[in-house]
Structures are given as C-alpha cells and as structure tokens.
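Results of the structural survey
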Amino acid sequence: MLESVGALTGSPWIYAVVALSVLLDVFLPLLPSGVLVIAAATAAAASTTTVTAAVGGATRQVPSLLVLMLCAATASVLGDLVAYRLAWRGGARLDRAIARSRRLTTAQERLGAALSRGGGALVVVARFAPAGRSVVSLGAGAAHRRAKDFLPWSALAGVAWAAYSVGLGYFGGQWLGATWLGTAVSVLALFLAGSLAAVVVRRPARDRQPTPTGV
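Residues numbered from 1 in each chain as written. Predicted model: local features only at pLDDT ≥ 70, side-chain atom pairs only at ≥ 80, totals over all residues. Heavy atoms only, no water.

**Considerations on helix H8 (residues 132-142)**
Taking burial as the measure, the eleven residues of H8 include ten buried ones, the bulk of the element. Every buried residue belonging to H8 is among Gly132, Arg133, Ser134, Val135, Val136, Ser137, Gly139, Ala140, Gly141 and Ala142, and all of these are buried. Just downstream of H8 lies His144, where phi reads positive at about 55 degrees. (Buried < 20%, exposed > 50% of the residue type's maximum accessible area, 1.4 Å probe, protein only. Helix = DSSP H or I, 4+ residues; strand = E, 2+ residues; numbered from the N terminus.)

In structure tokens form, the structure reads like this:
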C-alpha cells in the first residue's frame, strides 16, 4: 500500500487537500497536485470499500473517485478564475512583467488569436503542460479577454485534466495495485501528456493568409 497517502485517503480530508493543492498550483506550479490526485485515485481504486486505520483499528470509507474528480475539476476552474481576475486588475506593472517575458508574450498572443477565432483548444491543451495553466490564465486576464470567451474553455480544461488524472490513478490501481510501481506508471503517463502538451503550446502559430483569387 501507499503508506504516505493510505491514512489520508481514508479520511474526508483528502478532498480538501486535493482541492487546495489544485487551487494553488496555478500560482505555485511546482505543487505536485497531479501526483496527489493520481496517488489518491490509485489507493482508492485498489482498495476494498473500506480501509482500516493504523491506529485503533477503526474503519473509514475510501474516497469516491467521482467526488475526487469533481473536487479537482472545481478547484482547477476556481484557481483559473482567481488568476484571471488578479491579472485583469494587475494594471501596468503586470503588463510590463509580461512584456519582459517572451514566453508570456507569445502565449498571450496565441491565446488572443485562438479566442478571437471562437476557439479555445489552446486553453485545454495548456492545462496539461507544465505551468501552462498559469501562463494561459494570467495571459487571458492581462489581455482583458472576455470571461465568456475564456471561462467555458477553462471549465472544459479542468474537467479533462481531472478526469485524465483520476482515470490514470484508477486504471493503475486496478492493473498494478496500490503500489509505488502503479503510481509511478500513472505519474509517468501524466508527465508524458504534459510533455506533449508543452510541445503543442510552444509550437509557433502559422498565420494562414487567404490566397488571392484575382484582382
């Protein structure tokens, strides 16, 4: 069993810990929120309907995978919204900070182009990339993109990421049990998806100009 999370997954506090971690990692991308979600889902999937606490032999319910996913998705959207609003109100200081960062400037331009075309797939893809969520949420707010253009895509990104993370933990726990190997394989799959998303996000956008059809 995963001793490090075994006791926690037997307590309702796991939901609060997951939600807080996901909420804050938009500001602190180094927080292992995805790893925590996978570990909790792995332990829950590979356990029986109850687990026995190490002290006193008391039994506690294993967290529901559905509730775990909803907590992660909701916290993801709320974190995006907070970052978006803070960046919206950031003023000239934040604009100067973004202008000094080539990465933030490029992401802001690409996001603006995507949203202006009525699409926001970049928001979903960036949710899987390391620090991509932070770049996109802050960039959308700093550029004063409309909430109705950004937030629905943010919600879709949060649900997709949470479902993917919980799904990895579930299948890892079913196939390999609640072992370090099962968790490591699931986390590796999460990192591979993040690496692929990072390549897509960083790829320069190609401006396709319409071909003239005569004068």
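**Points about the packing of aromatic side chains**
Counted according to the given criterion, the structure contains five aromatic pairs. Each ring, one from Tyr84 and one from Trp88, has its centre 5.8 Å from the other, and the planes form 55 degrees; the classification is tilted. Pair noted here: Tyr84 and Trp88 are both in helix H4 (residues 65-88), with a separation of four residues, about one helical turn. Judged by relative accessible area, Trp88 falls into the partly exposed class, the value being 28%. (Phe/Tyr/Trp six-rings, centres within 6.5 Å; stacked < 30°, edge-to-face > 60°.)

**Some details on the side chain of Ser33**
Take Ser33: it is sitting in helix H3 (residues 33-46). Sequence-distant contacts of Ser33, that is, excluding residues within four places in its chain, are made with Ser21, Val22, Asp25 and Trp161. (Contact = heavy atoms within 4.5 Å.)

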